[in-house]
Amino acid sequence: MKQSEMLLPTLKETPADAEIKSHQLLVRAGYIRQIASGIYSFLPIGKRILRKVEDVVREEMEKIGAHEMMMPALQPSELWKESSRWSTFGSELMRIDDRNNREFALGATHEEVITSIVRDEIKSYKRLPLLVFQIQNKFRDEARPRFGLLRGREFLMKDAYSFDDSFESLDKSYDKMFQAYTNIFTRLGLNFRAVIADSGAMGGKDTHEFMVLSEVGEDVIAYSDTSQYAANIEMAPVIREYKKSGDEPKEMSKVETPEQRTMKDVADFLGHELKEGLKAIMFKVDERFVMAVTRGDHEVNDVKLKNLYSAGIVELASEADTKRLMGTGFGSLGPVGVSEEVEVVADFAVEALQNVSCGANEDGFHLRNVTPGIDFQPSQYADLRFIEEGDPSPDGQGTIKFARGIEVGHVFKLGTFYAEHMNAQFLDDQGKAQTMVMGSYGIGVSRTLAALVEQNHDDRGITWPANIAPFQVHLLSMNPKKAEQADLADKLNAQLEEAGIEVLYDDRKERAGVKFADSDLIGIPLRITVGKRAADGIVELKERVSGEQQEIEASQVIEQVK
Ligand code: ATP
Ligand code: MG
Ligand code: MG
Ligand code: MG
């Protein structure tokens, strides 16, 4: 492919708004361009690499018997009302009206659509289990889109869904997916860990996140230095708490009557239980209630937190945490993330907030238990200690370490939530109607691309691993004005293409320095330079990562490259 004919605009300067390497490099090297906050175009080379990642995902999905389909991004609100998520998904769901004022959502995820299809089409246990997937743009009106492809408002996701006739069978579908995810991220050459994630219920065995280890990750994981144990930090205190007491969580139904308190009461109520200098603060931002739990000697007040929030230093809770707290008839509430100035202990907040929801109306502030099946007993937090680096771990092996992670994948046992709400039933072998048991499985394809760049770059640019690089070879003619260089480079380009090798051919009339710099920036694994020695039939071969270079005869290029 001739670079002179391609839309591949490179930039010398780092874009001012790009804080992290993947964002900077993908823009500078001409892979992506921003259209609006959190919304990106993939330029031709960006689209190529996206497709490489997609292909790995697609192959591993097909290997486990999942079939690709495609569902609409535009979804009628009726479906979301059936599942109850029209009200619980909150402002992250993009909503639009058609010309007849019918409400639609832009798909943030597709549980509703797939459940509506399967309930209509699958009636017998004989047709289960069923695994389907799609690779398609998702829309989420993120509170703070940032970090380029890492947190977009329109992004590419692979989402898969499983339908089974029992929980045992769901376990098998889940295990298959788990293995496929492990294969995908291994094939992509990523340094990752599958971690126990927060399912909103104790135990946490029913959901895992796949985390790419990276300093820019927004999640913190706690892992053992000697065993396989790894958990999202949100889960870690929970595990510790129950290990310590040896207690199983108690069964208890929802508290039906909300206890009325003032906003200050709630903060005091939680604050009172937070020994060891912990403080809870609540404040209201854009109709949302936000709670921060802090520890240490920090001087914290709501004004300060509000300022920090406005300045973008602290952030709202993850979507999942917030989601869990919504749909309770009250406002939403979430803990605050990490800041430099205020050490915010989000993991505690998550734990506490799984069990309480707050909201305000004319007559004050309400607090109630919202997590079915779990008893909220403030006293259980009285002697809570946070896991610290070097502590023994939860599985009895090794000591705890912390790392930051980028959530690139998430596997989740949904159980019967959607099937019940949307009435997805099948007849079992006795002819009896049963509810389908579901799982859902996501991979952020565009986010994975950014994660790959975070783990594969140097001072000069991107360093793609060979198996997903947009091209295998970058062919440069140093001075295309010289006939012998242009002719040899043209010939090599044709030969490489003939041999089925993906080659990007820099035939541009640019200075050598510009070409070399662009080539390093773009990051193709192998570079072939046709320069001064073209007349002797000699070219230079250089590996992008190691920097190793050698002169070879042009006639040996194909052999060397293959
Ligand atoms: P996060 O905690 O980062 O907000 P999530 O838990 O809300 O992600 P899921 O609902 O689990 O996301 O979606 C499946 C996958 O989609 C995630 O594991 C992630 O890789 C990707 N993803 C989610 N939100 C975004 C986004 N705003 N931009 C890019 N990728 C995303
Ligand atoms: Mg989210
Ligand atoms: Mg998440
Ligand atoms: Mg998730």
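Above this text sits the structure in question.
Only a predicted model underlies this, so the values are computations on that prediction, with no experimental measurement involved.

K.L.:
Just to check I follow, could you spell out the site of ligand 1 for this structure?
P.N.:
Of all residues adjacent to ligand 1, which total 18 residues, the nearest are Phe 155, His 410, Gly 442, Gly 444 and Arg 447. Top contributing element to the shell around ligand 1 by residue count: strand β19 (residues 400–415), with four residues. Of the residues belonging to the shell around ligand 1, the class tally is four nonpolar, eight polar and six charged.

K.L.:
Just checking my understanding: could you explain the pairing of strand β22 (residues 437–444) for this structure?
P.N.:
Consecutive side chains of a regular strand alternate in pointing toward one face of the sheet and then the other. Burial within β22 is extensive, with eight of its eight residues counted as buried. Residue alternation in β22 divides its side chains into two sets, Val 437, Gly 439, Tyr 441 and Ile 443 and Met 438, Ser 440, Gly 442 and Gly 444, and both sets are buried. With eight bridges joining them, strand β8 (residues 154–164) and β22 adopt antiparallel strand pairing. Bridge pairing in β22 links Asp 164 to Val 437. Pairing analysis gives six bridges linking β19 to β22, with the strands arranged antiparallel. Its bridge partner being in β22, Phe 412 is matched across the sheet by Ser 440.

K.L.:
Can you help me understand the sheet that holds strand β4 (residues 74–76) in this one?
P.N.:
Strand pairing in a sheet is mediated by backbone hydrogen bonds. Such pairs are either parallel or antiparallel. An order of β4-β6-β5 is seen for the three strands of this open sheet, with the pairing classed as antiparallel. Bordering the open sheet on either side are β4 and β5 (94–97), each of which pairs with just one other strand. Across this sheet, the average inter-strand angle for adjacent strands is 40 degrees, counted without regard to direction. With three bridges connecting them, β4 and strand β6 (residues 103–106) associate as antiparallel partners. In the strand pairing of β6, Leu 74 is matched with Leu 106.

K.L.:
So what exactly am I meant to see when it comes to helix α2 (residues 44–63) here?
P.N.:
Owing to its 3.6 residues per turn, the α-helix aligns residues three or four sequence positions apart on the same side. Under the 1.5 Å per step criterion, the end-to-end length of α2 is 28 Å for 20 residues, consistent within 8% with the ideal 28 Å. For α2, every residue scored as buried is listed here: Ile 45, Gly 46, Ile 49, Leu 50, Val 53, Val 56, Val 57, Glu 60 and Met 61. Taken from the residues just after α2, Gly 65 is the one with a positive phi, measuring 85 degrees.

K.L.:
Hey, could you run me through the environment of Lys 52 in this one?
P.N.:
With respect to the element layout, Lys 52 can be found in helix α2. Sequence separation between Lys 52 and Val 503 is 451 residues, and the spatial gap between their C-alpha atoms is 15 Å.

K.L.:
What is the right way to read the pairing of β6 from this model?
P.N.:
Note that β5 and β6 share four bridges and pair antiparallel. Bridging from a neighbouring strand, Met 94 pairs with Leu 106 of β6. Where β5 folds back onto β6 in an antiparallel hairpin, the turn is made up of five residues, including Asn 101, whose phi is positive at roughly 65 degrees.

K.L.:
Whenever I open this one, the nonpolar core confuses me. Can you help?
P.N.:
Side chains of a nonpolar character, in soluble globular proteins, are inclined to be buried together. Core analysis: the largest hydrophobic core is formed by 101 residues, its most contacted members being Leu 26, Val 53, Val 445, Leu 449, Val 473, Leu 475 and Val 530. In this view, Leu 475 contacts Ala 489, Leu 492, Asn 493, Leu 496, Val 503, Tyr 505, Asp 506 and Ile 528; residues no more than four positions away in its chain are not counted. Core analysis: the next-biggest nonpolar cluster, separate from the first, contains six residues, Phe 89, Leu 93, Ala 105 and Phe 139 among them.

K.L.:
Sorry, what's going on with helix α5 (residues 111–121) here?
P.N.:
Every buried residue of α5 is accounted for by Glu 111, Glu 112, Ile 114, Thr 115, Ser 116 and Val 118. As for α5, its buried residues are in contact with β4, α3 (77–83), β7 (130–139), β8, α12 (417–421) and β22.

K.L.:
Help me out: how do you make sense of the environment of Arg 51 in this one?
P.N.:
In this fold, Arg 51 is placed in helix α2. The sequence separation of Arg 51 and Ala 466 amounts to 415 residues, and the corresponding C-alpha distance is 14 Å.

K.L.:
Sorry, what's going on with the sheet that holds strand β29 (residues 549–553) here?
P.N.:
Spatial ordering of the open sheet is given by β26-β25-β27-β28-β29, a layout of five strands whose pairing is mixed. The open sheet has two edge strands with one neighbour each: β26 (503–506) and β29. Between one strand axis and the next, the sheet turns through 25 degrees on average, direction left out of account. Both strand β25 (residues 473–477) and β26 contribute to a ladder of four bridges, which runs parallel. When the bridges of β26 are listed, Leu 475 appears paired with Tyr 505. Sheet contacts for helix α14 (residues 483–498): β25, β26 and β27 (526–530); angle to β25, the most-contacted strand, approximately 165 degrees. Of the strands in this sheet, β25, β26 and β27 are in contact with helix α15 (residues 512–522), which crosses β25 at around 175 degrees.

Each value, and the rule that gives it
- Residues numbered from 1 in each chain as written.
- Chains lettered and ligands numbered in written order.
- Predicted model: local features only at pLDDT ≥ 70, side-chain atom pairs only at ≥ 80, totals over all residues.
- Near = placed C-beta within 6 Å.
- Helix = DSSP H or I, 4+ residues; strand = E, 2+ residues; numbered from the N terminus.
- Nonpolar A, V, L, I, M, F, W, Y, C, P; charged D, E, K, R; others polar.
- Buried ≥ 20, exposed ≤ 12 C-beta atoms within 10 Å, placed from the backbone.
- Pairing = 2+ DSSP bridges.
- Axes fitted to C-alpha atoms, helices over the stretch in contact; angles between N-to-C directions.
- Expected span 1.5 Å × (residues − 1).
- Core = buried A, V, L, I, M, F, W, Y, C linked by C-beta atoms within 7 Å.
- Contact = placed C-beta atoms within 7 Å.

So, to be careful, I would describe these as geometric facts and stop short of saying anything about function.
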